[in-house]
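# Descriptive structure summary
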Amino acid sequence: MKIIVTIITLLLCLPVNAGKPNGDDVPDSRKLGMAIDYFGGGKYHEALVLFVKLDKKYKLNPRFKAYIGICYYHEWEYDKACEYLDEAIPHLDVYSPAERNVYYNAAAESHFLINEFDKAIPLYEKQLLVCHDNEKGDIFYRLGFCHMFLNNWLNASDYFKSALSYYDRYSANGKSARIIQIKNMIKGCDDKLSK
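Here the residue numbers are simple positions, counted from 1 along each chain's written sequence. Totals for whole chains, interfaces and linings use all residues, but because this is a predicted model, local features are given only for residues with pLDDT of at least 70 and pairs of side-chain atoms are given and counted only at 80 or more. For the side-chain quantities, the full set of heavy atoms in the structure was used; hydrogens and water were omitted.

## Comments concerning a negative patch on the surface
Surface patches are drawn from residues lacking salt bridges whose relative accessible area is over 30%; two like charges belong together within 9 Å, two nonpolar side chains (Val, Leu, Ile, Met, Phe, Trp, Tyr) within 5 Å. Surface accessibility follows the Shrake-Rupley procedure with a 1.4 Å probe radius. Residue values consider only the protein chains on display as shielding. A carboxyl oxygen of Asp or Glu within 4 Å of a side-chain nitrogen of Lys or Arg is what we treat as a salt bridge. Neither His nor the chain ends contribute to the count of charged residues, in which Lys and Arg are positive and Asp and Glu negative. Every charge is mapped to an atom, namely NZ of Lys, CZ of Arg, CG of Asp or CD of Glu. On the surface, Glu77, Asp79, Glu83 and Glu87 cluster together to form a negatively charged patch. Residue position: Glu87 is located in helix H5 (residues 78-88). Three labels apply to residues, based on accessible area from a 1.4 Å probe with only protein chains included: buried if under 20% of the type maximum, exposed if over 50%, partly exposed otherwise in between. Using a relative accessible area of 44% as the deciding quantity, one classes Glu87 as partly exposed. The numbering of helices and of strands both runs from the N terminus, where a helix is a DSSP run of H or I of at least 4 residues and a strand a run of E of at least 2.

## Considerations on helix H7 (residues 117-130)
Here the expected length of a helix is defined as 1.5 Å per residue gap, with one fewer gap than residues. Taking 1.5 Å per residue as the helical rise, H7 with its 14 residues ought to reach 20 Å, and the 20 Å between its terminal C-alpha atoms agrees with that figure. Within the span of H7, buried status applies to Phe117, Ala120, Ile121, Leu123, Tyr124, Gln127, Leu128 and Val130. Buried residues in H7 make contact with H5, helix H6 (97-113) and helix H8 (136-149). Contact between two residues is taken to exist if any of their heavy atoms lie within 4.5 Å; hydrogens are not considered.

## Let's talk about the confidence of the model for the protein chain
When pLDDT is averaged across the protein chain, the result is 87; 86% of the residues are at 70 or more. What pLDDT conveys is the predictor's confidence in a given residue, as a value from 0 to 100. The low-confidence segment residues 3-22, where pLDDT is below 50, has 1 contact with residues more than four positions distant or belonging to other chains.

## A few points about the nonpolar core
Ranked by internal contacts, the top residues of the largest apolar core, which has 57 residues, are Phe51, Leu85 and Phe160. For this core, the element with the most residues is helix H4 (residues 62-74), which contributes 8 residues. Excluding residues within four positions of it along the chain, Phe160 makes contact with Tyr141, Gly144, Phe145, Met148, Ile182, Met185, Ile186 and Cys189. Buried Ala, Val, Leu, Ile, Met, Phe, Trp, Tyr and Cys residues form a nonpolar core when they are joined through side-chain atoms within 4.5 Å.

## Structural notes on the packing of H8 against helix H9 (residues 153-170)
Between N-to-C directions, angles cover 0 to 180 degrees, with each direction set by a line fitted to C-alpha atoms, over the stretch in contact for helices. Running from N to C, H8 and H9 point in directions that differ by 165°, and their axes come no closer than 7 Å. The orientation of H8 with respect to H9, classified from their angle, is roughly antiparallel. Remark: the crossing between H8 and H9 carries left-handed chirality. Contacts between H8 and H9 involve Lys136, Gly137, Asp138, Phe140, Tyr141, Leu143, Gly144, Phe145, His147 and Met148 from the first element and Trp153, Asn155, Ala156, Tyr159, Phe160, Ser162, Ala163, Tyr166 and Tyr167 from the second. Orientation is classified from the angle alone, with under 35 degrees giving roughly parallel, over 145 giving roughly antiparallel, 65 to 115 giving roughly perpendicular, and any other angle giving oblique. By convention, the crossing between two helices is left-handed when the near helix turns anticlockwise from the far helix through less than a right angle, and right-handed when the turn is clockwise.

## What about the environment of Lys80?
On the secondary structure map, Lys80 appears in helix H5. As a C-alpha pair, Lys80 and Ser110 span 30 residues in sequence and 9.0 Å in three-dimensional space.

## Brief notes about the side chain of Ser157
The topology assignment puts Ser157 in helix H9. Overall, Ser157 belongs to the buried group, its relative accessible area being 1%. With residues up to four places along the chain from it excluded, the contact list for Ser157 reads Ile186, Cys189 and Asp190.

## Some points on helix H2 (residues 28-40)
Across its 13 residues, H2 extends 18 Å between first and last C-alpha, which sits within 8% of the 18 Å expected from 1.5 Å per residue. Those residues of H2 lying buried are Asp28, Lys31, Ala35 and Phe39. Burial along H2 is one-sided: seen end-on, the buried residues are contained in an arc of 75°. Among the exposed residues of H2, those oriented more than 90 degrees off its buried face are Ser29, Arg30, Asp37 and Gly40. Lining the buried residues of H2 we find helix H3 (44-58) and H4. It is the directions from the helix axis to the C-beta atoms that the arc portrays.

## Re the pattern of salt bridges
For the coordinates displayed, the defined rule picks out 9 salt bridges. A salt bridge links Arg178 to Asp138; its shortest N-O distance comes to 3.1 Å. Here Arg178, found in helix H10 (residues 176-194), pairs with Asp138, found in helix H8; they are 40 residues apart in sequence, far enough to count as distant. On the basis of relative accessible area, Arg178 is assigned to the partly exposed category, the value being 26%. By relative accessible area, which is 33% here, Asp138 ends up partly exposed. What emerges from the salt-bridge pattern is a single network uniting Asp28, Lys31 and Lys57.

## Some points on the environment of Cys146
Tracing the chain through its elements places Cys146 in helix H8. As a C-alpha pair, Cys146 and Asp118 span 28 residues in sequence and 7.3 Å in three-dimensional space. Discounting residues that sit within four places of it in the chain, Cys146 has contacts with Phe112, Phe117, Ala120, Ile121 and Tyr124.

Dropping the structure here:
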């Protein structure tokens, strides 16, 4: 009887996860697969944790570095998003326009959100080459603001006019407030130019 009590006591003292694999027991190839699955499912934080560990150990290829940048973008860590995306983007020309569109957008938006407008501009311009026409209004809108914040009033006015043109053509529904704002921005830029 004492032996049975001793065995039961020992079993109760074992950690709850004894015998279950922890993160270190999972092969790295499986971790990469898990990270990709998390990424594809929009679970960016979970994907980021795995990708960063794997990148430190193996120095992942540019596409996976771009994935890390996208994860940081969705985590609102724009400095880190810029770091990874800026490094990866020059090596991603072989991928589809739709995929590059995502990378350009996240990189441009990240630079924009940390007030690096001069770095955001070429990324938005590259995005214009790979995006759909119905997305161009938003990109021209951001380019207008980049140039406005850099006091490039003529360029700002031109980009706002392009944005207005694309909104009128592709997405006037639900964008009436933005269209009114753009018209005011154009007027403001033109006023600055006339002074």
